Number of protein chains: 2
Amino acid sequence: MTDTVLSSATREVVIGFDRPFVIIGERINPTGRKILAAEMSAGDFSRVEADARAQVEAGAQMLDVNAGIPLADEPAILAKAIQLVQSITDVPLSIDSSIVAALEAGLAVYKGKALVNSVTGEEERLESVLPLIKKYGAAVVAISNDETGISEDPDVRFEVAKRIVHRALDHGIPVSDIVVDPLVMPIGAINRAAVQVMRLLHRLKTELKVNTTCGASNISFGLPRRNGINAAFLTMAIGSGMTSAITNPLHPEVVEAVLGADVMMGHDPDCARWIRKFREPPPTGAAGEAGRGRREGGHRRRPTPAV
Amino acid sequence: MTDTVLSSATREVVIGFDRPFVIIGERINPTGRKILAAEMSAGDFSRVEADARAQVEAGAQMLDVNAGIPLADEPAILAKAIQLVQSITDVPLSIDSSIVAALEAGLAVYKGKALVNSVTGEEERLESVLPLIKKYGAAVVAISNDETGISEDPDVRFEVAKRIVHRALDHGIPVSDIVVDPLVMPIGAINRAAVQVMRLLHRLKTELKVNTTCGASNISFGLPRRNGINAAFLTMAIGSGMTSAITNPLHPEVVEAVLGADVMMGHDPDCARWIRKFREPPPTGAAGEAGRGRREGGHRRRPTPAV
């Protein structure tokens, strides 16, 4: 099936139907984070650095980097943030902006093959972003809305996604370099939001054979116990064929849901990753010789064969 | 779509594709519970009573009752347990035994329309259990194995389920009174166990149009953090069309997964049930006048409209 390969200077990550789900950390984004926005504008990237490290440590295989700060020099700030994040982590990045000049500034400094977030089905956006993707040999998130807005009908959204894929092909960009975002709406407002997305994910997998991502946390907007809703959504969406999401790995419920879904999909052979992560430590006073559950280094435990 | 109606003397529960998922509490089962087995054999049903109340309180809409104790008079004990549970709760029951005489003893004392657990595709079992189902007007769990055992091929299991459904029709039992158990194997031993079940659930829903249940906790046998695995399985299985499960509602993760999955499926209108369950209490010292989050009675909170 389709493999989307992203890379940093030294590390490759593959998004694909037969592979573990890819968590793209969402935290480096000043939208709604006033302190972060002020710091980034002032050239202080200490919080960006901390967010990058923490998300990778928590399980993000990629990081989204956004510098959308009103009235700021977004291209310059985004480029700087990307350089900084690439200097301290080796995960591939998603370069996230609504401003095409900022995407290009990010691409110009990026080392490796980036995921560009995003292009829509809007004519002007298509014709400004797709040439950049081709020029830099990047991959791109394709959001399934267009000039008419976001349809509640998943079949209409499918047609938009299909049009973007075909237009990308015209620009010489293969299907494997497109990651479709089916658009996740708050389920507290639209009760059929998840059902719509599941249907769309299924069609995107079986008909367009294209990888997918989404801003998963949107689903729980306005509801209590958001992590429970996010976990339910991620699990069910993975079951429907979603292959990555831009979400928050700092919530343990989210990471646990993804690891559990990977077990369900048969993408965690012998449940080795699950066992490594959740095996209980030996009772206090147990003999250390057997080595079961003993810590190796700071965080990892030694894997054991599954039952 | 297919509705399976179960009842006690005073309450009806419907298992169906367009309805909230039904949790059938698994706890009243002496298998692997030595103390409970000894007590039930000695005529002490205090633990059965406590388990019944606790599971209903925790969110079970039905209860499974099993009295499988080696060398004990299972028909008599099962009948007594059923009478006791029906005297203290109003939820419909699943009468669970591998001994046909015990099923009949349970059916003879049961008030309402019971779910009988279970019939298999084995010839002898079919011809002894199905007449009972017809005689008492009950519904039945149909387990998708036969004389040849449990196939790892979901399509073979589908054929077994289909054969049971057709045989039931021969006995005058409608499809709506059959609830198929696709058989859940431990994923620590069989990595494709969940993928197999998802495929089978999809076929059972779309082709046989039959409701489904399973012993959900089997999936996590032998693994650490079983509730996380159980939650992932239930969520994904509900997404694939499973409509009930015999599981443990005393684990909050299990109930949260089911409630979250119901939200995803659009089976919790306006997310009212989710909000009622998880709404945070107002901060200490907040004015009580608005009434948001105030407790009413012991457990319930006042519902509010969704966002």
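K.L.:
What should I look at first to understand the pairing of strand E10 (residues 244-247) of chain A in this one?
P.N.:
Looking down a regular strand, the side chains alternate between one sheet face and the other. Residue and element names in this part refer to chain A. Alternating residues of E10 divide into Ser 244 and Ile 246 and Ala 245 and Thr 247, and every residue in both groups is buried. Bridge analysis of strand E3 (residues 22-28) against E10 gives four bridges, and the strand direction is parallel. Looking at the pairing, Gly 25 lines up with Thr 247 of E10.

K.L.:
Is there a simple way to explain the relation of the copies chain A and chain B in this structure?
P.N.:
For the pair chain A and chain B, the best superposition has an RMSD of 0.0 Å and corresponds to a rotation of 180° with a translation of 0.0 Å parallel to the axis. Such a combination of turn and shift is consistent with a two-fold rotation axis. Scanning chain A for the C-alpha nearest the rotation axis identifies Met236(A), at a separation of 2.5 Å. When the interface residues of chain A are mapped onto chain B, 100% of them again fall at the interface, so both copies present the same face.

K.L.:
Can you walk me through helix H8 (residues 226-239) of chain B in this structure?
P.N.:
Every α-helix carries 3.6 residues per turn, so stepping three or four residues along brings you back to the same face. Here H8(B) is 14 residues long and its end C-alpha atoms lie 20 Å apart, about the 20 Å a rise of 1.5 Å per residue gives. H8(B) sits mainly inside the fold: twelve of its 14 residues count as buried. Along H8(B), the residues classified as buried are Asn227(B), Gly228(B), Ile229(B), Asn230(B), Ala231(B), Ala232(B), Phe233(B), Leu234(B), Thr235(B), Met236(B), Ala237(B) and Ile238(B). Against the buried residues of H8(B) lie helix H8 (226-239), helix H9 (252-265) and helix H10 (272-278) of chain A together with helix H7 (193-208), strand E10 (244-247) and helix H9 (252-264) of chain B. Gly241(B), located one to two residues past H8(B), shows a positive phi value of around 110°.

K.L.:
For this particular structure, what's the right way to read the sheet that holds strand E7 (residues 139-143) of chain B?
P.N.:
The strands making up a sheet associate through backbone hydrogen bonding, with each pair oriented either parallel or antiparallel. Residues and elements named next belong to chain B. Pairing in this open sheet of eight strands is parallel, and the strands run E9-E8-E7-E6-E5-E4-E3-E10 from one edge to the other. Of all strands in the sheet, those bounded by a partner on one side alone are strand E9 (211-212) and E10. Here four bridges tie strand E4 (residues 62-66) to strand E5 (residues 93-96), and the two strands are oriented parallel to one another. Looking across to E5, one finds that Val 65 is bridged to Ile 95.

K.L.:
What is the right way to read the interface of chain A and chain B from this model?
P.N.:
It is common to report an interface's size as the accessible area lost on association of the parts. With 37 residues of chain A at the contact, the number on the chain B side is 37 residues. Roughly 3000 Å² of surface becomes buried between chain A and chain B when both sides are summed, with 71% attributable to carbon and sulfur atoms. Run the count over chain A and chain B and you get two salt bridges. Here Arg225(B) makes a salt bridge to Glu256(A), at a shortest N to O gap of 2.8 Å. Put simply, chain A and chain B have six residue pairs in polar contact (both at pLDDT 80 or more) between them. Going through the elements one at a time, helix H7 (193-208), H8, H9 and H10 of chain A are the ones with two or more residues in the side of chain A that touches chain B.

K.L.:
Sorry if this is basic, but what is going on with the packing of helix H6 (residues 154-170) of chain B against H7(B) here?
P.N.:
In a pair of packed helices, the angle between the axes and the distance between the axes together describe the arrangement. Residues and elements named next belong to chain B. In contact at an axis separation of 9 Å, H6 and H7 are set at 35° when each is read in the N-to-C sense. Relative to H7, H6 is oriented so that their crossing is right-handed. Together, Pro 154, Asp 155, Arg 157, Phe 158, Glu 159, Ala 161, Lys 162 and Val 165 of H6 and Gln 196, Val 197, Arg 199, Leu 200, Arg 203, Leu 204, Glu 207 and Leu 208 of H7 make up the contact between the two elements. For the contact of H6 with H7, the residue count by class is eight nonpolar, one polar and seven charged.

K.L.:
What is the right way to read the environment of Gly239(B) from this model?
P.N.:
Relative to the assigned elements, Gly239(B) resides in helix H8. In this structure, the C-alpha to C-alpha distance between Gly239(B) and Asn117(B), residues 122 residues apart in sequence, is 24 Å. For Gly239(B), the contacting residues outside a window of four places in its chain are Met236(A) and Met265(B).

K.L.:
Looking at this model, I keep getting lost on unusual backbone geometry. Mind explaining?
P.N.:
What is expected of a backbone is that most residues other than glycine have negative phi and most peptide bonds are trans. Following Asn117(A), the chain continues to Ser118(A) via a peptide bond in cis, the omega torsion being 20°. Among the secondary structure elements, Ser118(A) is positioned in strand E6 (residues 115-120).

K.L.:
I tried to follow the sheet that holds strand E9 (residues 211-212) of chain A on my own but got confused; where do I start?
P.N.:
Residue and element names in this part refer to chain A. If you trace the eight strands from one edge of the open sheet to the other, you get E9-E8-E7-E6-E5-E4-E3-E10, paired in parallel fashion. Taken across any chain shown, the strands that pair with only one partner, and hence form the sheet edges, are E9 and E10. Set on the sheet, helix H2 (residues 46-58) makes contact with E3 and strand E4 (62-66); between it and E3 the angle comes to about 155°.

K.L.:
Quick question: what am I supposed to make of the packing of aromatic side chains here?
P.N.:
The geometry of an aromatic ring pair comes down to the distance between the two centres and the angle between the two planes. Residue and element names in this part refer to chain A. Within the structure shown, the criterion is met by two aromatic pairs over all chains. For the ring pair Trp 274 and Phe 278, a centre distance of 4.4 Å and an interplane angle of 50° mean the geometry is tilted. Here Trp 274 and its partner Phe 278 are both found in helix H10, four residues apart, which amounts to about one turn of the helix. By the burial criterion, Trp 274 is buried, and Phe 278 matches it.

K.L.:
Which parts of the structure should I look at to understand the side chain of Glu39(B)?
P.N.:
All names here are of chain B. Mapped onto the elements of the fold, Glu 39 is located in helix H1 (residues 34-41). Exposure remark for Glu 39: the relative accessible area of 16% places this residue in the buried category. Those residues in contact with Glu 39 that lie beyond four places of it in its chain are Asp 44 and Arg 47.

K.L.:
Please clarify how the side chain of Thr89(A) should be interpreted in this entry.
P.N.:
Residue and element names in this part refer to chain A. Mapped onto the elements of the fold, Thr 89 is located in the loop between helix H3 (74-88) and strand E5 (93-96). What makes Thr 89 buried here is its relative accessible area of 12%. If we ignore the near neighbours within four places in the chain, the residues touching Thr 89 are Ala 52, Val 56 and Leu 63.

K.L.:
Where do I start with the state of the cysteines in this structure?
P.N.:
Among covalent bonds in proteins, the disulfide is the one between the sulfur atoms of two cysteines. Scanning the model with the defined rule gives zero disulfides over all chains in all. Here Cys214(A) stays free of any disulfide, with the sulfur of Cys271(B) as its closest cysteine sulfur at 17 Å.

K.L.:
Looking at this structure, I do not really get the pairing of E4(B). What am I missing?
P.N.:
All names here are of chain B. The buried fraction of E4 amounts to five of the five residues, a majority that puts the element mostly inside the structure. Alternating residues of E4 divide into Met 62, Asp 64 and Asn 66 and Leu 63 and Val 65, and every residue in both groups is buried. Note: strand E3 (residues 22-28) against E4, three bridges, orientation parallel. When the sheet's bridge partners are listed, Ile 28 is paired in E4 with Val 65. Traced from E4 through helix H3 (residues 74-88) to E5, the parallel crossover comes out right-handed.

K.L.:
Is there a simple way to explain the pattern of salt bridges in this structure?
P.N.:
A side chain with one charge may pair with a side chain of the opposite charge, provided their charged atoms come close. Residue and element names in this part refer to chain A. Inspection of every chain in the model, using the stated rule, returns 30 salt bridges over all chains. Between Arg 163 and Asp 146 there is a salt bridge, with the nearest N and O atoms lying 3.1 Å from each other. Taken together, the positions of Arg 163 in helix H6 (residues 154-170) and Asp 146 in the loop between strand E7 (139-143) and H6 put the pair 17 residues apart, joining distant regions of the chain. For Asp 146, a relative accessible area of 10% gives the class buried. Among the salt bridges present, the one from Asp 155 reaches Arg 203, with a minimum N-O distance of 3.0 Å. With Asp 155 in helix H6 and Arg 203 in helix H7, this pair connects stretches of sequence that are 48 residues apart. Here Asp 155 falls in the partly exposed class, since its relative accessible area comes to 26%.

Conventions adopted
- Residues numbered from 1 in each chain as written.
- Chains lettered and ligands numbered in written order.
- Predicted model: local features only at pLDDT ≥ 70, side-chain atom pairs only at ≥ 80, totals over all residues.
- Heavy atoms only, no water.
- Buried < 20%, exposed > 50% of the residue type's maximum accessible area, 1.4 Å probe, protein only.
- Helix = DSSP H or I, 4+ residues; strand = E, 2+ residues; numbered from the N terminus.
- Pairing = 2+ DSSP bridges.
- Least-squares fit on C-alpha atoms with pLDDT ≥ 70 in both.
- Contact = heavy atoms within 4.5 Å.
- Expected span 1.5 Å × (residues − 1).
- Buried area = accessible area lost by both parts, 1.4 Å probe.
- Salt bridge = Lys/Arg side-chain N within 4 Å of Asp/Glu carboxyl O.
- Polar contact = N/O pair within 3.5 Å; in protein donor to acceptor, adjacent residues only side chain to side chain.
- Axes fitted to C-alpha atoms, helices over the stretch in contact; angles between N-to-C directions.
- Left-handed = near helix turned anticlockwise from the far one by under 90°.
- Nonpolar A, V, L, I, M, F, W, Y, C, P; charged D, E, K, R; others polar.
- Phe/Tyr/Trp six-rings, centres within 6.5 Å; stacked < 30°, edge-to-face > 60°.
- Disulfide = S-S within 2.5 Å.
- Right-handed = clockwise from strand over helix to strand, strands pointing away.

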